[in-house]
Amino acid sequence: MLTALIILWPALAALLVLLVKGPGARKIAFGAALVELVLGVWAWINFVPNGSTQFLLNEPWIANAGIMFKVGIDGISLLMVLLTVFLVPLIILSTAKHTYEKPSSFYALILFMQTGLLGVFTALDAFVFYFFWEVALIPIYFIAGIWGGENRVRVTFKFFIYTVFGSLFMLAAFVYLYFQTPGTHSSEEVAFYQLVLDAGTQSWLFWFLFIAFAIKMPVFPFHTWQPDTYTTAPAAGTMLLSGIMLKMGIYGALRWLLPVVPLGVSQWADVALVLAIIGIIYGAIIAIRQQDMKRLVAFSSISHVGLIAAGLFTLNHHGLQGAMIQMLSHGVNVVGMFFIIDIIQSRTGTREIAAMGGITQNTPFLSVTFLVLLLGTVALPLTNGFVGEFLLLMGVYQYNAWMGAVAGLTIILGAVYMLRMFQRVMFGEKNEITQGFTDLTFNEKAVLVPLVVMVFWIGLHPNTFLMISEPAVLKLLDVIKR
Amino acid sequence: MTSIILLSIFGILNLFVGFMKSKKVLMPVVLLFLAVALGVTLLDWNQPQSYFSNMLATDNFSVGFTAVMVLSTLFILPFSRSYVVAENSNLAEYYSLLLFSLVGGIMMVSYENLLILFVGIEIMSISMYIIAGSDKRNILSNEASMKYFLMGSFFTGIILFGVALLYGATGAFYLTDIAAAATRMDPGTAPMLLMGLLLVLIGITFKIGAAPFHFWTPDVYEGTPTVFTSYMSTVVKTAGIAAFYKLMSAAFGGVYAEWFPTVVAITVLTLLIGNIGAVAQTSMKRMLAYSSISHAGYLMIALTAFNDRSENALLFYSLAYAIATIAAFGILKYVGDARKSDDYTAFNGLGKTNPLLAFVMTVAMLSLAGIPLTGGFFGKLFLFSAALEQDMIWLIIVAVLMSAVGIYYYFRVIIAMYMRDAEGERIAVDPLATFTLISLVVLTVLMGVVPSLFNNLL
């Protein structure tokens, strides 16, 4: 029941928010998101990390076709649920200084999207998964399309077509798999895991599923929607997309690709890894050339997600655990970065790196938090990024030392573009637009402090989180290697 | 059968109601008639019966599709209110024609004999020829009527020719007898049988607006007054596809291998032409016309799959498609009348001026595009399931690609409504139509969240 409550609460709250006129909508949405946070933490407290799925709900949905509404939480799901319930209130809080037209619709869509995301992370039936996968997409389409910046219609549309195109292939694969299950068919996760499919079938199924997940992450060369969409969407939308939504792709691959078609994965793992590594280098190099801060972080995100994807396809313990923890870290860091960029943009009116300078001089608090998040992003030891990248690179090395070596360049390149940006924006001489730059407000601190705390928590004591996913990941590896 | 008799009587009664001075009473009366007919139809559920020496039979298949057609008509009529106000409109006649055409439709889904099929098609079509031209002073409407009539009669002739050949080959009009003869496939009569099958198939393909005999659809839909276009693209299509399915399953199920290549070719062609044609349109009404072609393609996937899932998938999809299409045409009618244009641009900023209309339209478009939370999603899922059970993966790839194309033109409406600046004032919608629109949304979402209420009925 708890899982159902976790999924449904934001949707109910969204309906409530819709009824509120004016700026009260944000407060109610924030309150609802806090309640959701409590629910998530409650699940965490009661969760026993033993590899089993807990808080199970299994009700007939399309009964005569054997399709169940089956949701539950295991170690892998729990980390994603925690990430979602942790970030959404912060994202809502981060919008305090913006005044949106039709705030009730805006915040209702955010909450509605949370329902979709949590449904994706807890679904244990392929069709339930697909259902929520698309449900999460609709709100972000409207958020980015209605409240976005320049060219928002064209950009959002491209994003939408891209992802739906991918997910339709996923749907076809799911339906096919459903018919391969014995007896009265079933689309449950376990039924898919038990399927024995020949290598040829797995080979094409791999691509049907991979395309859907790769577009969402996004992995090179399916990434072309991403920088534009991130740049155009309103700050809250970008945070939702980068912080949580792209994890849907990684999570989906973990849950529905690797264990379902392991032969297909081993056939194509090299190709997938090469694509991922191209993405790492390509994203980083383009990031170096960016003049717009938001675009820079968008490309850096392609680079970092590339590494997570590479870790996934190594199919070893380090790679998968690294992917798990890095999903959390990336979520925390990227949301923090985009928020700081949003702060800078709202103070100066621009995101041009060249136009800025000397901001540190008036803003001790901002400078420190920015630096912490940035160091987390470039994976400095003791920060969250280090744990994930270390494990991931170890995983890739185990798979293939050459690939590991090339993927390792991400650390150097990451430091190059991030520190350059920090130097040019924060240090140097003040100019007219950064002259009167004020430090963080209380609200902004309230968003950033929890993020900074997480950077150190994951960095100093990663075991808090690694041990949640460890048994589930080991179990998953057993399924893959069966 | 009772519904056929009742609707015929109601049609005639309605003509007398038309003599009354006030036209306001017409719509409530017709809605009542339809509600009665729907109730009577549903009474036949699980009560199979046959009539006229088994020339016509009611079973769950026919009851299911009859219910979809009557329900669709019930939902369509509230949008015809503006005709009540307009002078000189012969509303009683139009309503009666709709009732009569429903009779034809019901015959098309409950025939056991090809002659009944033919009579049903004619009853339905002739009403439609007149309805298409009901906007007498509009040159487009005249053209639509003329075009539809000429083409329609031509293709009816082809069907009749096919029926004659089938009779020549098998000596029977009954589906069961034809099925027996078809499975035997005597070498002497086989060519005649197959030719007959092909001709009937071509004729029905025309009626449901599938490619390559779709060319009349955009023009006729565009010229016909919007409310009646809505009827054409839902009720007429449902009747056609159900008749098609019944013909293939009851008479030619044994020779699946013979007709499969033709039907699958038509399906793919229809999907391609419908979807790609819709992309190029600037008029919302023409887009919906092409979209209805593409949905004929999706419906035909059930036929190509031809297994125990097909019937249910067909019924579910027909209902989901009809509901969404009626909502879309209903709103188009209001927007088109108020802003004097059927283009996408007429919808600009509708999200601001009429949030409810925009919301309903959004749900309808999402459903037509097959996005979850709506009935259209499960409709597609069930259809694809039927095809994938037969391992027709390549067909599904085509359908998936075309669905992605579909999103392009359905979302143009959503973009216009929410992401463009408003042009024009708030549009007034009368309460009955508002209520209907809300019911349509509720039904669509219900089908999208608890599909088990509606699937596997047959």
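Conventions adopted
Residues numbered from 1 in each chain as written. Chains lettered and ligands numbered in written order. Predicted model: local features only at pLDDT ≥ 70, side-chain atom pairs only at ≥ 80, totals over all residues. Heavy atoms only, no water. UniProt positions renumbered as here; feature names shortened; annotations may be inferred. Helix = DSSP H or I, 4+ residues; strand = E, 2+ residues; numbered from the N terminus. Buried < 20%, exposed > 50% of the residue type's maximum accessible area, 1.4 Å probe, protein only. Contact = heavy atoms within 4.5 Å. Areas by Shrake-Rupley, 256 points an atom, 1.4 Å probe, with all protein chains shown as cover. Buried area = accessible area lost by both parts, 1.4 Å probe. Salt bridge = Lys/Arg side-chain N within 4 Å of Asp/Glu carboxyl O. Polar contact = N/O pair within 3.5 Å; in protein donor to acceptor, adjacent residues only side chain to side chain. Nonpolar A, V, L, I, M, F, W, Y, C, P; charged D, E, K, R; others polar. Patch = residues over 30% accessible without salt bridge, like charges linked within 9 Å, V, L, I, M, F, W, Y side chains within 5 Å.

Labelled according to an unreviewed UniProt entry, chain B appears under the name NADH-quinone oxidoreductase subunit N, originating from Rufibacter tibetensis. Within the UniProt record for chain B, the comment given under Catalytic activity (unreviewed entry) is "a quinone + NADH + 5 H(+)(in) = a quinol + NAD(+) + 4 H(+)(out)".

Going by an unreviewed UniProt entry, chain A carries the name NADH dehydrogenase and comes from Rufibacter tibetensis. Per its UniProt entry, chain A bears the Sequence similarities (unreviewed entry) comment "Belongs to the complex I subunit 4 family."

**Student:** Describe the overall build of chain B, with residues and values.
**Tutor:** From N to C terminus, chain B includes 19 helices and two strands. With the C-alpha coordinates aligned to their principal axes, the bounding extent of chain B is approximately 70 × 50 × 40 Å. Here chain B holds 458 residues, and 65% of them are scored as buried. Looking at chain B alone, contacts between residues at least 24 apart form 80% of all its contacts between residues at least 6 apart. Accessible surface, chain B as shown: approximately 15,200 Å² in total, 68% of it carbon and sulfur.

**Student:** Give me the interface of chain A and chain B: which residues, what numbers.
**Tutor:** Contacts between the two partners involve 35 residues from chain A and, on the opposite side, 38 residues from chain B. Across the chain A to chain B interface the summed buried area is about 3,300 Å²; carbon plus sulfur atoms make up 81%. Where chain A meets chain B, there are zero salt bridges. In this structure, the connection of chain A to chain B is made through four residue pairs in polar contact (both at pLDDT 80 or more). At 15 residues, the largest contribution of residues to the side of chain A that touches chain B is made by helix H6 (residues 152–180) of chain A. A breakdown of the residues in the side of chain A that touches chain B according to their chemical character gives 28 nonpolar, three polar and four charged.

**Student:** Go over a nonpolar patch on the surface with me, naming the residues and quoting the values.
**Tutor:** There is a patch of nonpolar side chains on the surface, built from Val406, Leu409, Ile411, Ile412 and Val416 of chain A and spanning about 360 Å² of accessible area. Along the chain, Ile411 of chain A falls in helix H16 (residues 401–426).

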